[in-house]
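Secondary and tertiary structure notes
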Amino acid sequence: MTHIVLVCQNRACLKLGAASVLAAFQAAASPAIVVVKSPCLGQCGNGPMVRILPEDIWYWRVNATEVPAVIQRHLLGGQPIQAMLYPHFHSP
């Protein structure tokens, strides 16, 4: 399965470190992991926001140090990281 990773690069997310999150995902890009520099995902103030398709999984307040775990556990292992899920779209 190919995963598409959208990383918000709008002003609010950029102030919170979204550029380094994007760079960390881009370093792991492969034919199975497509990384997209996304415009605003509409969740300003809760970022950096990352949306994983086709599952439509949203992660919030992501920092670059967490990206390897998302790649290993979710994108390669098939298990979303519960503690990082955005509660607006995923109930605890």
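Definitions and limits used
- Residues numbered from 1 in each chain as written.
- Predicted model: local features only at pLDDT ≥ 70, side-chain atom pairs only at ≥ 80, totals over all residues.
- Heavy atoms only, no water.
- Helix = DSSP H or I, 4+ residues; strand = E, 2+ residues; numbered from the N terminus.
- Contact = heavy atoms within 4.5 Å.
- Core = buried A, V, L, I, M, F, W, Y, C linked by side-chain atoms within 4.5 Å.
- Buried < 20%, exposed > 50% of the residue type's maximum accessible area, 1.4 Å probe, protein only.

Further remarks concern the side chain of Gln43. Turning to its location among the elements, Gln43 is positioned in the loop between strand S2 (33-38) and strand S3 (50-53). If near-sequence neighbours (up to four positions away) are discounted, Gln43 is found in contact with Met49, Trp58, Tyr86, His88 and Phe89.

Once that is clear, we can look at the nonpolar core. In this structure, Val5, Phe25, Val50 and Tyr59 are the most contacted members of the largest nonpolar core, which totals 19 residues. Within the residue set of this core, elements represented by two or more residues are strand S1 (3-8), helix H2 (18-27), S2, S3, strand S4 (57-59) and helix H3 (67-76). In terms of residue count, the dominant contributor to this core is H3 (four residues). Not counting the four nearest positions on each side in its chain, Phe25 is found in contact with Val5, Val7, Val35, Val50, Val67, Val70, Ile71 and Leu75. Within the second largest apolar cluster, seven residues are counted, among which are Leu41, Met49, Trp58 and Tyr86.

Remember, this is a structural readout, not a statement about activity or role.
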